[in-house]
Amino acid sequence: MADSKKKNDKELSYKELVAKRDELKKEYMDFRFKMVISHVDNPMQKRTMSREIARLNTFIQQKESAGENK
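Remember, predicted model here, so these are calculated numbers, not experimental data.

About the criteria used
Residues numbered from 1 in each chain as written. Predicted model: local features only at pLDDT ≥ 70, side-chain atom pairs only at ≥ 80, totals over all residues. Heavy atoms only, no water. Helix = DSSP H or I, 4+ residues; strand = E, 2+ residues; numbered from the N terminus. Buried < 20%, exposed > 50% of the residue type's maximum accessible area, 1.4 Å probe, protein only. Contact = heavy atoms within 4.5 Å. Areas by Shrake-Rupley, 256 points an atom, 1.4 Å probe, with all protein chains shown as cover. Core = buried A, V, L, I, M, F, W, Y, C linked by side-chain atoms within 4.5 Å. Patch = residues over 30% accessible without salt bridge, like charges linked within 9 Å, V, L, I, M, F, W, Y side chains within 5 Å. Salt bridge = Lys/Arg side-chain N within 4 Å of Asp/Glu carboxyl O. Expected span 1.5 Å × (residues − 1). Arc of directions from axis to C-beta.

S.K.: Can you walk me through the overall build of the protein in this structure?
M.R.: Within the protein, the regular secondary structure consists of three helices and zero strands. Overall, the protein shows an N-to-C arrangement of helices and strands of α-α-α. Taking all 70 residues of the protein together, the buried fraction comes to 24%. Contacts in the protein between residues at least 24 apart in sequence constitute 65% of all its contacts with a sequence separation of at least 6. Of the roughly 5,500 Å² that the protein leaves accessible, carbon and sulfur atoms contribute 51%.

S.K.: Can you help me understand the nonpolar core in this one?
M.R.: Across soluble globular proteins, nonpolar side chains have a tendency to be buried as a group. Core analysis: the largest hydrophobic core is formed by twelve residues, namely Tyr14, Leu17, Val18, Leu24, Tyr28, Phe31, Val40, Met49, Ile53, Leu56, Phe59 and Ile60. Elements represented by at least two residues in this core include exactly α2 (14-37) and α3 (45-65). The element contributing the most residues to this core is α2, with six residues. When residues no more than four places from it in sequence are discounted, the contact partners of Ile60 are Tyr14, Leu17, Val18 and Arg21.

S.K.: How do you make sense of a nonpolar patch on the surface when you look at a structure like this?
M.R.: A cluster of nonpolar side chains, contributed by Phe33, Val36 and Ile37, occupies part of the molecular surface with about 370 Å² of accessible area. Take Val36: it is sitting in helix α2.

S.K.: Just to check I follow, could you spell out α3 for this structure?
M.R.: An α-helix turns once per 3.6 residues; consequently, residues spaced three or four apart project the same way. Taking 1.5 Å per residue as the helical rise, α3 with its 21 residues ought to reach 30 Å, and the 30 Å between its terminal C-alpha atoms agrees with that figure. Within α3 the residues assigned to the buried category are Met49, Glu52, Ile53, Arg55, Leu56, Phe59, Ile60 and Lys63. Seen end-on, α3 carries its buried residues on one side only, within an arc spanning 160°. Exposed positions of α3 whose direction lies more than 90 degrees from the buried face are Arg51, Gln61 and Ser65. Count one or two residues on from α3 and you reach Gly67, which has phi positive near 80°.

Given below as structure tokens:
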């Protein structure tokens, strides 16, 4: 399952990657806020989300260096 997700993200355009990253960042911040305010069922989700954001940032950087950011 994780491999198919990685392949799908690599095939996304620059704008789609940026939009997906921004959406995930918003979810991450909401999740952090929820962790402070109340109990969270799966605290490891924070790490997973952080890694996903980093992975998307890597793909975005690769697209930028290839000149596909337009």
